[in-house]
Amino acid sequence: MNRTSNSRATSCAAAVIALAFTATPATASDIPTFAAIARVPVSLAYTTVTRAELHGAPLLVVHGPVQINVSADGVNIPGDAANEPTLAVDPAAPNRMVVAWRQFDDVGAGHRTAGWATTVDGGRTWSFHGAIDGAVWRSDPVLAADSTGRIYYLGLNRGNESCDLFVSDDAGSSWSAPIPAFGGDKPWMSVDPDRRHVYASWQDTIGCCSERVFTRSVNGGLSFSEPIAIDPPPTLGTHAIGPDGELYIAGILDLDDFVVARSLDARDPAQEPTFAISHVDLGGMFWILIPPNPYGLAGQVWVAADTSDGQNRGHVYLACSVLPDGGDDPMDVHFARSEDGGATWSEPIAVASDDRGAWQWFATMSVGPTGRIDLVWVETIEAAAPSIGEIRYSSSTDGGRSWSDPTAVTAPFDSNAGFPPDEKIGDYYHMRSDATGADLVFAATFNGEQDVYSLRIGPYDCNGNEIADDIDIDTSTSGDCNRNGIPDECEIAAGAADDGDGDGVPDDCRTLPPPRRSGRRVP
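A brief report on the enclosed structure follows.

## Brief notes about the overall build of the protein chain
No. 1: Helices and strands together make up the secondary structure of the protein chain, namely four helices and 33 strands.
No. 2: Evaluated residue by residue, the protein chain yields a buried proportion of 59% over its 523 residues.
No. 3: Put simply, of all contacts in the protein chain between residues at least 6 apart along the chain, 54% involve residues at least 24 apart.
No. 4: A total accessible area of about 19400 Å² is found for the protein chain, and carbon and sulfur atoms account for 51% of it.

Pasting the structure below:
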């Protein structure tokens with residue numbers, strides 16, 4: 001095992017702490033504005049936004065961003081803070097989604113709860129429901145869904161430094177009582193959608209069980225097995241489920257030692273899981289306490305698997321924002337690929353290079369059912385103001401061998417604005433991909449304070465037929481009797497419309513005049 005010494009890791013962390021305090025947050029007046037990245041109102045469905053004037057990037061369909069932590073009237077709630085959002089999508093009705101996050105009702109107080117919200121229209125609007133489990137201090141939320149539409153929430157209970165699981169069988173409208181799930185700080189969770197197995201891991205330094213950092217549920221989250229050890233234990237990373245139920249857990253051992261733990265028997269409820277460890281060269285170091293996020297991570301280690309029926313089926317991908325080896329560039333997004341189920345890995349590549357000394361942080365990755373890889377990150381505009389950045393997007397359709405030109409998908413914001421007492425904008429974003437695009441949830445400061453937002457990148461595909469919804473409507477493949485840009489069958493499936501007689505037409509539409517064809521086409 002080729003691990004860096006603890007003393008070196010400690011000295012690196014100390015160096016980053018020193019670097020963090022050299023950053024001077026920019027004021028709101030310093031933030032550049034660009035008309036080319038003004039928000040696209042989600043009511044104007046399927047609008048194509050041109051960003052070529054700004055970045056020379058190709059056309060990209062972007063909807064949002066839409067603020068999630070809003071009042072019942074849909075307006076911002078001043079004086080709060082929200083970060084570390086996580087997203088689950090109901091596979092049976094993709095317009096039905098749930099988001100959870102760390103909710104600070106008072107930005108000046110350290111107390112945070114498990115805020116959550118739901119949507120039944122694909123994120124065009126959100127209903128903020130308050131906190132799961134009341135005023136209990138919770139952190140590090142993770143959401144996932146299984147193939148039946150059951151939603152799972154895992155989060156840290158700071159009262160006992162262990163984790164609880166909550167399940168919802170009504171698309172996040174209500175939750176079960178807390179189910180003890182062992183755990184500790186910086187947990188992550190994955191769900192095998194068909195087997196309904198729930199896997200959880202956490203870091204070994206703060207938690208219930210020392211080096212025993214992995215547990216699973218084989219009964220849909222109703223109970224969890226005694227934790228077992230992963231030797232050595234990955235930390236500060238995520239999970240992925242392969243096409244045949246393989247489990248991958250990514251993370252670091254030290255700042256320059258990225259690892260992936262693979263289990264081929266976690267899917268077997270009769271077997272105690274075993275893990276094989278592979279070390280991955282990402283061409284740089286994991287970094288913490290950076291100027292754009294002074295007391296947080298620069299982002300997690302993201303692992304994803306191709307579950308498509310294409311030529312890259314079974315391939316595994318690793319991505320992270322790293323401090324590159326050599327040179328003066330503070331942070332880039334690096335990527336590596338495994339074609340043998342995580343046993344060996346390709347040479348790392350930089351997804352997007354720059355010559356501006358930009359920070360590319362909070363890299364977040366997901367893979368769609370067609371095998372397309374989606375990546376986003378926050379990129380600083382100018383090296384002199386590292387906290388002023390915009391979210392950029394790139395994708396790959398050839399297994400990560402090449403990437404599209406990065407495109408800005410948000411306006412710039414100041415990540416140092418509106419800090420709660422822990423002085424960070426959280427430690428991660430979260431994204432879920434489908435055949436035609438991706439849904440991203442993220443924290444930003446467009447209101448001068450931390451809030452959580454959703455963003456749709458690419459056209460909607462609420463019926464999962466791999467065709468954009470507006471094309472379905474224009475070709476009469478789908479009805480749209482109320483002319484809101486959402487296929488009727490999706491509104492019915494998500495519970496946004498009633499269909500009492502089961503004829504596939506929302507009941508409310510019977511009082512409307514017959515719809516006219518819009519004639520719109522996606523360029």
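## Regarding the state of the cysteines
In protein chemistry, a disulfide is the covalent bond that joins the sulfur atoms of two cysteines.
No. 1: With the rule as written, the count across this model stands at three disulfides.
No. 2: Across a sulfur-sulfur distance of 1.6 Å, Cys481 and Cys509 are joined as a disulfide pair. Here the disulfide of Cys481 and Cys509 is right-handed, its torsion about the S-S bond being about 60°. Of this pair, Cys481 sits in the loop between helix H3 (469-474) and helix H4 (488-493) while Cys509 sits in the segment after H4, and the two are 28 residues apart along the sequence. Judged on exposure class, the residue Cys481 and its partner Cys509 are both buried.
No. 3: Distance from the sulfur of Cys163, which forms no disulfide, to the nearest cysteine sulfur (Cys208) is 8.1 Å.
No. 4: On the basis of relative accessible area, Cys163 is assigned to the buried category, the value being 2%.

## Remarks on the pairing of strand S11 (residues 188-192)
No. 1: Counting buried positions along S11 yields five of five residues, so the element is predominantly enclosed.
No. 2: Residues Trp188, Ser190 and Asp192 point to one face of S11 and Met189 and Val191 to the other, with burial holding for every one of them.

## Description of the sheet that holds strand S16 (residues 247-254)
No. 1: Taken in spatial order, the four strands line up as S15-S16-S17-S18 in an open sheet, and their pairing is antiparallel. In this open sheet, the two strands that pair with only one neighbour each are strand S15 (239-241) and strand S18 (276-280). Taken over all neighbouring pairs, the strand axes of this sheet differ in orientation by 25° on average, direction set aside.
No. 2: One ladder, built from five bridges, connects strand S17 (residues 257-263) with S18; its direction is antiparallel. Pairing of Val260 across the sheet is with Ser278, part of S18.

## With respect to the sheet that holds strand S4 (residues 97-104)
In a beta sheet, neighbouring strands are held together by backbone hydrogen bonds and run either parallel or antiparallel to one another.
No. 1: Pairing is antiparallel in the open sheet, where four strands are placed in the order S3-S4-S5-S6. Looking at which strands have only one partner, the edges of the open sheet turn out to be strand S3 (81-89) and strand S6 (127-132). The sheet shows a mean angle of 25° between the axes of neighbouring strands, taken without regard to direction.
No. 2: Summarising the sheet, strand S5 (residues 113-119) and S6 pair through five bridges and their orientation is antiparallel. In the sheet register, Trp116 faces S6, and the bridge partner there is Gly130.

## Thoughts on empty space enclosed by the protein
Which parts of space are left empty comes out when a probe the size of a water molecule is rolled across the atoms.
No. 1: Going through the model one piece at a time under the given rule, you end up with three cavities of 30 Å³ or more.
No. 2: Split into classes, the residues belonging to the lining of the largest cavity amount to four nonpolar, two polar and five charged.

## Considering the environment of Ala145
No. 1: Along the chain, Ala145 turns up in strand S7 (residues 138-145).
No. 2: The contact partners of Ala145, leaving out residues within four places of it in the chain, are Ala88, Val89, Pro91, Arg150, Ile151, Tyr152 and Val191.

## With respect to the layout of surface pockets
No. 1: Volume-wise, the largest pocket comes out at about 1300 Å³.
No. 2: Forming the walls of the largest pocket are 46 residues, and the residues nearest its centre are Pro193, Thr307, Val367, Arg432 and Ser433.
No. 3: Elements with a contribution of two residues or more to the lining of the largest pocket: S3, S7, S11, S15, strand S22 (302-305), strand S26 (360-367) and strand S31 (430-433).
No. 4: Residue contributions to the lining of the largest pocket peak at five residues, all from S11.
No. 5: Classifying every residue of the lining of the largest pocket by side-chain character gives 24 nonpolar, eleven polar and eleven charged.

Conventions and cut-offs
- Residues numbered from 1 in each chain as written.
- Predicted model: local features only at pLDDT ≥ 70, side-chain atom pairs only at ≥ 80, totals over all residues.
- Heavy atoms only, no water.
- Helix = DSSP H or I, 4+ residues; strand = E, 2+ residues; numbered from the N terminus.
- Buried < 20%, exposed > 50% of the residue type's maximum accessible area, 1.4 Å probe, protein only.
- Contact = heavy atoms within 4.5 Å.
- Areas by Shrake-Rupley, 256 points an atom, 1.4 Å probe, with all protein chains shown as cover.
- Disulfide = S-S within 2.5 Å.
- Pairing = 2+ DSSP bridges.
- Axes fitted to C-alpha atoms, helices over the stretch in contact; angles between N-to-C directions.
- 1 Å grid on protein atoms, 1.4 Å probe; cavity = no way out; pocket = protein on both sides within 12 Å on 5 of 7 lines; lining within 4 Å.
- Points joined across faces, edges and corners; volume = space filled by probe spheres on them.
- Nonpolar A, V, L, I, M, F, W, Y, C, P; charged D, E, K, R; others polar.

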